Each structure stands twice: as structure tokens, then as C-alpha cells.
Amino acid sequence: LNAGSNRRSAASFYLPLDRVVRALALIQEGQEVPRGGVGAIFLRKPYDQLGRLGLTPDAEEQARQRFPDDTGLLVVESVFPLGPAEGLLQPGDILLTVNGEAVNGFVPLEQAVDGAVGGTVRLSVQRGGEALELELPVQDLHALSPKEFLEFGGGLLHPLSIHQAALGVVPVQGVIVARAGYAMGRAGIPDDAVIDTIDGQPVQTLDHAEALLSSQAQGAQVRVRWHSLYDPRAQQLSVVTIDRVWWPMQRCARGEGGSWPCTHSPAAPQGTPRPVANATVTAEGPKAVRVLAPSMVLVDFDVPYPVEGTGGTSFQGHGLVVDAERGLVIVDRDTVPHRVGDLELTFAGSVRIPARVLTVHPIHNLAVLQYQPSLLGDTPVASASLLPGPVERGAALWQVGLSGAGEPVYQEVRVTRIDPTNLNYPRVPTLRETNVGLYRVDDYVGTVGGVLADRKGRVVALWASFPYRSGKDTDRMWRGLPIQIVVDTLAALDSGEPLRDLGVELGRVPLADARDRGLGVERARELEAHDPVGKQLLVVRRVAAGTPAAKVLQGGDVLLAINGQPVTFFDEVEHAAQALSVDLRVLRDGQEVDLTVETIALDGMGVTRFAVWGGGVLHDPHYEVAYQRGLEPEGVYVTWYFGGSPNPRYDVYASTRIVAVDGQRIEDLEAFLRAVEGREDGSVVRLTLSDLDGQESVRTLELDLAYWPTRVFTSGEEGWTVE
């Protein structure tokens, strides 16, 4: 029976049918298939090695006579701690007989122990030339195979199996992490970790683990001691944050017919208020560093379900406190790409508290976070001083940021260029900075993020990481994002009004090129006077599908004026676009054309509702799908999927949209949920998919609701809830 292969060597492995035939016969007779073991692993070794292990010439001669066509015998390779063979067998023992019958292979040994489950077997061995007669208990191997598991925080725990014990040569006892998942993974607990204690209590069984974990409140931090299966002497300590929202906690046991029915674990108790913690802030260096130190925080963001096309599940970066009284912090979106996740802020490298994502800028690399200032006690936290306005080329600034350990890092730098963004398009629609000039500096130092500030510590730019596509991979560049964007974003938050946008990606074109396109002399003189240094005009590169601008603007249109005023800078367009509509004059095909364009409101909330269906993560198409791919916001976007679930099994992959269910077109997530509501387990759903090029195809997906139930997450005032 083909049992495995090695692709690198084109080798295949085959399992002899001796024990397969036995098992088949017992199953056909309606009987159980007994499987026994003595807690030891045997290997076959040739006679030349057996002689070095102490096999006597007489014993070798007898074995060769009994088995003239064979070349070796079985030898004990290892003995399971606390198993039946411990204290009886030793590595290097040469097996001669079982129950008085000579053996030279695995099949007769297995026949003997399989037929003696719960009883004993007699083994004759030679150890260093000495003959020994041993009687060993035979244990039931089925009892050493897990029949249940516990789902917790997106991970799986179950009793240690005999197969895993054999790999680590450890006792067949305790609870092992089969999959770390979200909660244990973000705490640094790996797959194949054996849990020793939870909250200081020993964990010996799955009952212990479930009782200790379910007794903790949502969000509680629990100390877990563990060791690797392959390094049992190196115990580790991790702090696990209890998660009962993103993932269910349930106990599943093997049932009839191969099913694994689950029951929910006891509900989490009410939590206690988080204690107040205090820290001191000390910093050495130039004035800018000392001034900014009380405003800098380390940001950690963990993602249970990647949404909006974002890859990765764990992010770290630098945050800047801009309002200490309200607890407002700014950070780049390469650290906090969206609102689906768990957020923690570390102050002064000493105090870590939770926070929430207040808003993500819809088009710029910026997010605003909020924490509870009361949790910091007397920790000296200060609002950073922001200095909006243009920064000249050659300006001397201080780059101030944090290392991955939260230590201040700084370097004196000089602005070398102010570059308009022209990043490669990402393979999957996600944040791509546009419509802004970024500050490039010389000789900057590596950080997880920071700011650019003047010598007094006044911030002129957010030193941010900008992801972009590089070949098949995603790379990152570091630039300064003008602080004026932060000021405008905070003003919009205070007013309660959403940010507005034209829905247009703009580029720069030299004034000379615009003349070649038909720009008149008088208009050229007017625009040159507006930007005498750069002499660059704005040109339409791309228009977001489904926006009013898509009906009136075209790629290649050169912007000449907005609301009657000359326009050559990105921020002029962005500020004017905060009105409900703008009047544009553009150069199109050598002619000046006047247009009125309605703007669109972008609330900065991103995805506020998503579903896990068929093992895929679905939500309404995010803005970047229309902005970068020119696709109408129709259907539901498949942003991610779980391996082994129906989605990939039936070729429903990420970065596609489901636009119809059983032939009926759907507009959004709510329409999709109505269309699939009430479907039974095992039923087939016909899906019409549309890829990122707009090409449609049809797939049929068979539901597996037992293992992949539908869950819908909604963001509210109290955080995320699930239904």
C-alpha cells in the first residue's frame, strides 16, 4: 500500500499488507481492531552491528539457522519514560524471542502485542552479551490516541499522543498545542508546545486546561508555562490574553461515524477593571529627543482575520501622542492597516495598555488610535507639538523614533528631496499612498517608525513605512508624511464630519509637457507663477470606479484650476475636496474644459462588518478595489481563507468577488448573507466569481457547516461582537 513519498528524491514508500489484511478482516466481522504496545521503539539492524552491541556467536548462529534468508534482528532504539518497558528494556537490547517464539521482524512482534492488550508478553533479549528473560505489560495504543480536543483562541489543544511522545521520547501524558492559533500564537507559544501550568496550576489533562482557561475573563492576562516537545528541559513562560470574541472556546470529542461534535465551554466570568500602572520617562540626547520622549509609544497590532487585502497578522511600529488628555495617538497604516484586531500601546518601555483604532485615513498612510489615559496613573505623557507647513529642501531636522525594544533612537538628518508618490501597484488591492509629496532625508537610522522634528522638538512629519510591490514581493520605503495631513485628520475628528475625496489618483507632469499637450501661453504663465520652482502640473492617472468623478474625468486630464484658483499642489486639491463638490478646469485633448465634480465621503472606518463563510473571510469591497482596479463596488470580496476549508477546496480563492449566488446578483454582504441563509450542511451553492480583471467564472461549493460554520462580526461602541 503506497504510504508516502519524497518529492526531492522521487522515492515512494510502501506499507506491507500483513497487518492491513488483519484489520480489514476484523472490521468485516464487526469487531474492534486491537492495537498493543510495550512503550518501546524497535529498529532492524544487520548482524555486523548486532555483534558490536553484544550479540553472542551462538545466538547469531541460531538466528541465522532459523531465518536463513534474513540479515538482522530487532533492537530497542528507545524506551518511553513512564511506559511499560521503563526499567525493563534498555536501548541496545537485541530481541530474540516473543512468548518463546523466535522473531526477526516487526510483523510477529506486532502480532504478539496486539493479541495481548491488557495482559503481558514474554521477551527474550540479549544485553551486552547477557541473556535476559523479561515479562512486560501490554498497553492499549488506542487509549493513547487523542479522542477529543479543545478549541481556544483559534488554536487547538489535545492530550499528548503516542506518536508525538515517540518523536520527543517523552511520557505519553499532558496536553500539547496542536496549533497555536491566534491567542497562544501572539503570546509566543509555538505549535508542539506542551503546557505545564496555567495561572500557576499544573495541567495534566484536557479537563484541567479547559477548566483553567474558561475560568478567566475576556481580555484577562494569564501566565502559561510550557516547554517544547523536542526540548523538554527548557521551560518557557508566556502571558496569554484570553480571547473569547474572535474565536469560540469549545470541546470536541470523536463521535459515531467519524464526526466530532462540539460543546461550548463554560462562559467567561465578568472581568475586573485593569489596574493603573505608573512609569517614568527618561531620555538623553538633544533637546528634540528629550521633548518628544513623553509622546512616543510602541504600538503592537495583532490581526485575527486579515481584511482589506492586508497580509500578515502581527505588526509593530511607533506611535505619537497628539492629545494626552483624550488619549489620541497617530501611527502609520503599515503598523495599523485596519480596525480588525487587538491593539496594545507600550509607554516608556514599561507600561502596556490596550487601545482601540479610532479611524484609519481612507487614502493616506495614517491611523488614529485612542487609549484610556486613566490607566497610566502618574506616567508623564505629553502631547507632541505639531508644526504644519511646508518644509524646504535642505532643512536640518532630527529623526526621532523607537527601536523594536521601545528604546529612543535618533539621528540628525537633512531633507534632500520632496518626492510625489509613484509607488508600484500592489498585487492585491490594499493601501497605496497617493496624492502627496513625501520628505526624503539623508543618512537616516533604522527604527520601527518615528517623526521628523525641528531642533525644538516640534513635529513636521510622521516618519513612516510605505509598503509597495517589488516584483512578486512587498517591499517598504521610509519617508516623511507631512504633519499637515495629521492636523487635517484630527480637525475632521473634532468636527464629526467625514473626510471627503475626489476619488482620483493624481500624478505630476512637467510644465513643458503640458505645453506640448496644447497648454496656452497665458495659462502656462499663470501656472508657472503659481509654482516657480517645481514648474509641475497635476494630471489624472486613475479614477475610482463608481464615483462621480468617474463620469466626468478622464485619464490624462491636466488640472489647471480648482474653484477658479490655479492648482499645482496635491494639498490644494485635497483641501478643496472637503466641500460637497468642486469646480475644475482641465486641459483635455488640447482644449480647456470646465467641469463640476461631486466629492465622496470616506468615514475612515474601513470594514465594520465581515463574515466567515465556508472558511473564507468576506466583506464589502473596500475602497482600494475601485480605486486601484477600477471595479465597481459590487458583491462581496473574498479577502482571506483558511486552508482545508470549502473555499480553497472548491477554488474560491482570495482577491475575488462573489457577485451572484445561484444566478442571482448580489450587491453587498447583507444581500449575500440573505442569499445563503438557511442552507443545510452538505448543500451545494453555485457562486459566480469575478477576479481582479473583471473576468467572471462559476464555482459550486459544498457547505461544511459542522467544521466551518458561518460567523458574522460587527463593530460597535463596545468593540467587535459576533453572531
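Residues numbered from 1 in each chain as written. Predicted model: local features only at pLDDT ≥ 70, side-chain atom pairs only at ≥ 80, totals over all residues. Heavy atoms only, no water.

Turning our attention to the overall build of the protein chain. The helix and strand inventory of the protein chain stands at 16 helices and 48 strands. Across its three principal directions, the C-alpha atoms of the protein chain cover 110 × 65 × 55 Å. Residue pairs in contact within the protein chain that sit at least 24 positions apart in sequence constitute 63% of those at least 6 positions apart. Total accessible area on the protein chain stands at roughly 33700 Å², and carbon and sulfur atoms take up 49% of it. Averaging the coordinates of the 64 positive side-chain charges in the protein chain and doing the same for the 92 negative ones gives two points 4 Å apart. (Helix = DSSP H or I, 4+ residues; strand = E, 2+ residues; numbered from the N terminus. Contact = heavy atoms within 4.5 Å. Areas by Shrake-Rupley, 256 points an atom, 1.4 Å probe, with all protein chains shown as cover. Lys, Arg positive; Asp, Glu negative; His and termini not counted. Charge placed at Lys NZ, Arg CZ, Asp CG, Glu CD.)

Take the side chain of Ser655 next. You can see Ser655 is positioned in the loop between helix H15 (646-649) and strand E43 (656-661). The exposure class of Ser655 is buried, given its relative accessible area of 14%. Discounting residues that sit within four places of it in the chain, Ser655 has contacts with Val428, Tyr637, Val638 and Leu692. (Buried < 20%, exposed > 50% of the residue type's maximum accessible area, 1.4 Å probe, protein only.)

Now for helix H16 (residues 669-676). Those residues of H16 that fall on the buried side of the exposure criterion are Leu669, Ala671, Phe672, Leu673 and Val676. The secondary structure elements touched by the buried residues of H16 are strand E40 (609-613), strand E41 (616-619), strand E42 (636-641), E43, strand E45 (684-690) and strand E47 (711-716). Regarding H16, its N-cap is Asp668, as a side-chain oxygen of that residue lies 3.4 Å from the backbone nitrogen of Glu670 further along. Following H16 by one or two positions, Gly678 has its phi on the positive side, about 80 degrees. (Polar contact = N/O pair within 3.5 Å; in protein donor to acceptor, adjacent residues only side chain to side chain.)

With that settled, consider the pairing of strand E46 (residues 696-702). Pairing between E45 and E46: seven bridges, direction antiparallel. Within E46, the residue paired with Arg686 across the bridge is Thr700. (Pairing = 2+ DSSP bridges.)

Another point: the state of the cysteines. Throughout the structure, instances matching the rule amount to one disulfide. With a sulfur-sulfur separation of 1.9 Å, Cys252 is cross-linked through a disulfide to Cys262. Classification of the bridge connecting Cys252 and Cys262 rests on its S-S torsion, roughly 105 degrees, and on that basis the disulfide is right-handed. Of this pair, Cys252 sits in strand E18 (residues 250-253) while Cys262 is found in strand E19 (residues 262-264), placing the two residues 10 residues apart along the sequence. (Disulfide = S-S within 2.5 Å.)

Before going further, it helps to examine the pairing of strand E31 (residues 473-482). Sheet topology places strand E30 (residues 459-470) next to E31; 10 bridges connect them, and they run antiparallel. If you follow Ser465 over to E31, its bridge partner there is Trp478. The hairpin turn running from E30 into E31, its antiparallel successor, is two residues long, and Gly471 in that turn takes a positive phi close to 65 degrees.

A full pass over the atoms with the stated rule returns 36 salt bridges. Glu522 serves as the salt-bridge partner of Arg525, at 2.7 Å between the closest nitrogen and oxygen. Placement of both Arg525 and Glu522 in helix H11 (residues 521-530) is noted, with a separation of three residues, approximately one turn of the helix. The exposure class assigned to Arg525 is partly exposed, which follows from its relative accessible area of 46%. The shortest N-O distance in the salt bridge between Arg609 and Glu723 comes to 3.5 Å. Note that Arg609 is positioned in strand E40 and Glu723 in the segment after strand E48 (719-722), a separation of 114 residues in sequence. (Salt bridge = Lys/Arg side-chain N within 4 Å of Asp/Glu carboxyl O.)

On to a positive patch on the surface, then. Together, Lys287, Arg290, Arg455 and Lys456 line one region of the surface with positive charge. Inspection of the secondary structure puts Lys287 in helix H8 (residues 287-292). (Patch = residues over 30% accessible without salt bridge, like charges linked within 9 Å, V, L, I, M, F, W, Y side chains within 5 Å.)

Quick look at the packing of aromatic side chains now. The full count for this structure, using the stated rule, is 20 aromatic pairs. Clustering of aromatic rings is evident, with ring pairs tying together Trp246, Trp247, Tyr305, Phe610, Trp640, Phe642, Trp708, Phe713 and Trp720. Just above the ring of Tyr425 sits the side chain of Arg432; from NZ or CZ to the centre is 3.9 Å. (Phe/Tyr/Trp six-rings, centres within 6.5 Å; stacked < 30°, edge-to-face > 60°. Lys NZ or Arg CZ within 6 Å of the ring centre and 35° of its normal.)

Attention now moves to the packing of helix H1 (residues 18-28) against helix H4 (residues 106-114). Across the interface, H1 lies against H4 with an axial gap of 10 Å and an inter-helix angle of 30 degrees. As judged from the angle between their axes, H1 and H4 are roughly parallel. Across the interface between the two elements, Asp18, Arg19 and Arg22 of H1 pack against Val107, Glu110, Gln111 and Asp114 of H4. Each residue belonging to the contact of H1 with H4 can be placed in one class, and the counts come to one nonpolar, one polar and five charged. (Axes fitted to C-alpha atoms, helices over the stretch in contact; angles between N-to-C directions. Parallel < 35°, antiparallel > 145°, perpendicular 65-115°, else oblique. Nonpolar A, V, L, I, M, F, W, Y, C, P; charged D, E, K, R; others polar.)

So, about the sheet that holds strand E25 (residues 367-370). With antiparallel pairing, six strands are arranged side by side around a closed barrel as E20-E21-E22-E25-E24-E23. Strand-to-strand twist of the sheet, defined as the mean angle between neighbouring strand axes without regard to direction, takes the value 40 degrees. Both strand E23 (residues 342-347) and strand E24 (residues 351-360) contribute to a ladder of five bridges, which runs antiparallel. From the neighbouring strand, Leu345 faces E24, where its bridge partner is Ile353.

Let's shift gears to H1. When H1 is considered as a whole, its buried residues turn out to be Arg19, Arg22, Ala23 and Leu26. The buried residues of H1 all sit within an arc of 95 degrees when viewed along its axis, so they share a single face. Relative to its buried face, H1 has exposed residues pointing more than 90 degrees away, namely Val21 and Gln28. Looking at the buried residues of H1, the elements they touch are H4. Looking one or two places after H1, you find Gly30, whose phi comes out positive at around 75 degrees. (Arc of directions from axis to C-beta.)

With that settled, the discussion passes to the nonpolar core. Ranked by size, the top nonpolar core spans 32 residues in total, and within it Leu292, Leu320, Ile330 and Leu481 carry the most contacts. Those residues in contact with Leu481 that lie beyond four places of it in its chain are Asn365, Leu366, Glu433, Val436, Leu438, Val460, Ala461, Leu462 and Phe466. Membership of the second largest hydrophobic core comes to 25 residues, among which are Phe152, Val175, Val177 and Leu212. (Core = buried A, V, L, I, M, F, W, Y, C linked by side-chain atoms within 4.5 Å.)

Turning to its location among the elements, Arg588 is positioned in strand E37 (residues 581-588). Among the polar contacts listed, one links the side chain of Arg588 to the side chain of Asp557, at a separation of 2.7 Å. The residues touching Arg588, leaving out its near neighbours within four places in the chain, are Val552, Leu553, Gln554, Asp557, Val593 and Leu595.

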